[in-house]
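Analysis of the macromolecular model
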Amino acid sequence: MKIPVLYYHKIDYPKKDAVYKGLYVTPEQFKRQVSLLKFLGYDTVNPKEILSFIKGHKPPVKKPLLITFDDGYENNYLNAYPILKSAGFSSIIFVSSGFIGKKSVVSDERERVKENFLNKNEIKEMFKNGFFIGSHGINHYYLDRLEEGVLIGELIASKAYLEHIINAPVDFFSYPFGAYNPIVMRAVKNAGYTAAFTTASGRIEVGDNSFELKRIPVNGYNNILNFLLKIFF
Ligand SMILES: [Zn+2]
């Protein structure tokens, strides 16, 4: 068995000036994908179950699936959360803590388009309703380019701030830009995280390194057929 971990950014309509229009999956596309997953018998699991699975334990459901979002855009709350909730699905949102509550700002130096980010209340509400919160650092930096002190600060302070917001441990991390190396991996582990997700494409298998977990990117260019192919192969 291999467990698919889907990886999204924005559930919204592409902005005219967006450089990476593929980062937008429209609410209609997302709804179709969630309905299809439901129809195929998938159930979303707690990210902790992924760790048990790679250590050789049996997952709690027949067809486990994890849905993840990176960056912490407000459209995750406005557009994705209602669709997931009505399907009985959950997800983990990897939030860049420095952007919490910010409106109309640029988070990604490659992207340049302005977005609104989740505020504390939205994060709290989703967490209370069975969604999971992970860290994506503070400033959305390339972690493999930072001095050690700055790197450690990004990892520890984002974790502490998110834990303060949800009043619960934040154990999962996702590397901004998918950028990591052995030093970054070790720092993430030393900061107290139990696992980290990359942007490398693939499904989760028994024996995987918990600080190098693969995901399946879903973008706005995927029609429903290649969405299906991505999950299966
Ligand atoms: Zn990101």
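How each quantity is defined
- Residues numbered from 1 in each chain as written.
- Predicted model: local features only at pLDDT ≥ 70, side-chain atom pairs only at ≥ 80, totals over all residues.
- Helix = DSSP H or I, 4+ residues; strand = E, 2+ residues; numbered from the N terminus.
- Rg over C-alpha atoms; globule rule 2.2 N^0.38 Å.
- Buried ≥ 20, exposed ≤ 12 C-beta atoms within 10 Å, placed from the backbone.
- Contact = placed C-beta atoms within 7 Å.
- Arc of directions from axis to C-beta.
- Pairing = 2+ DSSP bridges.
- Right-handed = clockwise from strand over helix to strand, strands pointing away.

So, on to the overall build of the protein. Helix and strand counts for the protein stand at 7 helices and 10 strands. Scaling as 2.2 N^0.38, a compact globule of 233 residues should have a C-alpha radius of gyration of about 17 Å, and the protein matches this with 16 Å. C-alpha extents for the protein along the principal axes are approximately 45 × 45 × 30 Å. The buried share of the protein, reckoned over its 233 residues, is 41%. Restricting the contact set of the protein to residue pairs at least 6 apart, pairs at least 24 apart contribute 62%.

By secondary structure assignment, the location of Ser 158 is in helix 5 (residues 148-166). Here Ser 158 falls in the buried class, since 25 other C-beta atoms lie within 10 Å of it. Ignoring sequence-local partners within four residues, the contact set of Ser 158 consists of Ser 97, Ser 135, Gly 137 and Ile 138.

All right, on to helix 2 (residues 47-54) then. Among all positions of helix 2, only Pro 47, Ile 50 and Phe 53 are buried. Angular distribution of buried residues about the axis of helix 2 spans 100°; they occupy a single face of the element. Buried-residue contacts for helix 2 involve strand 5 (64-71), strand 6 (92-95), strand 7 (132-135) and strand 8 (172-174). Immediately beyond the C-terminal end of helix 2, within one or two residues, lies Gly 56, with a positive phi of roughly 105°.

In the sheet, strand 8 pairs with strand 9 (residues 195-201) via 3 bridges, with the strands oriented parallel. Note on strand 9: the bridge partner recorded for Ser 174 is Phe 197. A crossover links strand 8 with its parallel partner strand 9, the connecting element being helix 6 (residues 182-190), and its sense is right-handed. In this structure, strand 9 lies alongside strand 10 (residues 213-217), joined through 2 bridges in parallel fashion. Directly across from Phe 197, in strand 10, lies its bridge partner Leu 213.

Another point: the pairing of strand 5. Within strand 5, 8 of the 8 residues are buried, which leaves it mostly tucked inside the rest of the structure. As paired elements, strand 4 (residues 43-44) and strand 5 share 2 bridges and run parallel to each other. Across the sheet, the residue bridging to Thr 44 is Leu 65, located in strand 5. The sheet contact formed by strand 5 and strand 6 spans 4 bridges and is parallel.

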